[in-house]
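Take a look at the letters that make up each chain.
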Amino acid sequence: PDGKHVAVSLLFPPPRSSTTVALFNPDNGERRDFFTRTGAFLGSLAWLPDGTALAMTGFDLANTLTNQVFLLTYPDGKFRRVTNDFNTYNGVSIGAGEMAIASNRSSVLSNLYAVDVASGATRAITSTANPESSPFGLVMMGDRVYYGALHGDFLGLASTTLAGGEPQTHETGDGHVTNISARSGKLLFQRLDADQQMHVWGMNPESGAIRQLTAGGGETLKSISPDGKWFTYTVSDSTRGM
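What you see is a predicted model, and the numbers here were worked out from it, not measured in a lab. Counting restarts for each chain, with residues numbered from 1 along the sequence as it is written. Reporting of local features is limited, given that this is a predicted model, to residues whose pLDDT is at least 70; pairs of side-chain atoms are given and counted only at 80 or more, and all residues count toward the totals for whole chains, interfaces and linings. Side-chain metrics rest on all non-hydrogen atoms present in the structure, leaving aside hydrogens and water.

Enquirer: I would appreciate a short explanation of the environment of H199 in the present structure.
Expert: Where helices and strands are cited, they refer to DSSP runs of H or I of at least four residues and of E of at least two residues respectively, numbered from the N terminus. Its place among the elements puts H199 in strand β18 (residues 198–203). Residues H199 and N104 lie 95 residues apart in sequence; the distance between their C-alpha atoms is 33 Å. Every residue in contact with H199, bar those within four places of it in the chain, is listed here: F189, Q190, R191, D193, Q212, T214, A215, G216, G218 and E219. The term polar contact refers here to a pair of N or O atoms within 3.5 Å; inside protein, the definition further demands a hydrogen-donor-capable atom paired with an acceptor-capable atom, and it admits residues adjacent in sequence only when both atoms are side-chain atoms. A distance of 2.6 Å separates the side chain of H199 from the side chain of E219, its partner in a polar contact. Here, two residues are considered to be in contact whenever any of their heavy atoms come within 4.5 Å of each other.

Enquirer: I'm lost on the pairing of strand β17 (residues 186–192) in this one. Help?
Expert: In the case of a regular strand, side chains alternate between the two sheet surfaces. Three exposure classes are used, based on accessible area relative to the maximum for each residue type with a 1.4 Å probe and protein chains only: buried under 20%, partly exposed in between, and exposed over 50%. Burial analysis of β17 places six of its seven residues in the buried class, which makes it a mostly covered element. Pairing analysis gives seven bridges linking strand β16 (residues 176–183) to β17, with the strands arranged antiparallel. Residue I180 lies in a different strand from β17, and its bridge partner there is F189. Here β16 folds back onto β17, and the loop between the two strands holds two residues, one of which, S184, carries a positive phi near 50°. Pairs of strands are assigned from DSSP output, requiring at least two bridges between the strands. Alignment of β17 against β18, held across six bridges, turns out to be antiparallel. Opposite L187, over in β18, you have M203 as the bridge partner. Counting the residues between successive antiparallel strands, the hairpin from β17 to β18 contains five residues, one of them, Q196, with a positive phi of roughly 70°.

Written as structure tokens, this is what we have:
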């Protein structure tokens, strides 16, 4: 608002995976890195009219599963969440009169459906009424459908029969289950932990026991062999390769 700083959001891809808010001097182009948030992708920002903070929208691994609205105070650099729901916020603008933050909010409801191969007829397996209980992704193994579901602060794993009914929750530890795969009785999933590292885990469908299968600086599950004896994964060794 005083014309002394231009704020820019710089996004860095994995393995760095962070957002840096840089301030530029509009007269000489001098840059100063004001704030860095690891595990965050905050792509939109706007100054408050009094210059005491920046409103931002984006994803922050430590706080959210969807894009939310945040405030970054200036010059203190304190970062806090404004919205707290399962909707998605994109873009941000500030009203000068009432100090209101405006953003575009999207609400998505999802359900699992079974489709008859011959007739194409569909039948709902789940019935959700809000974004918080909507399933994420799915994989079939036997007569059960496994899918991502919100458990407390994390996106975990749940399953139900193809006929539907009460879902069963599976314990997957502290971290977001972001990818599920199954072949020949073997169920694997990818978990994104609070330290921004991603590893591949296996779960015994009968006992529910889980075991970490990969270790390192972050691994991405790709595919399980048809006999269930092998799986492939990738490792990002830099921003340019894997």
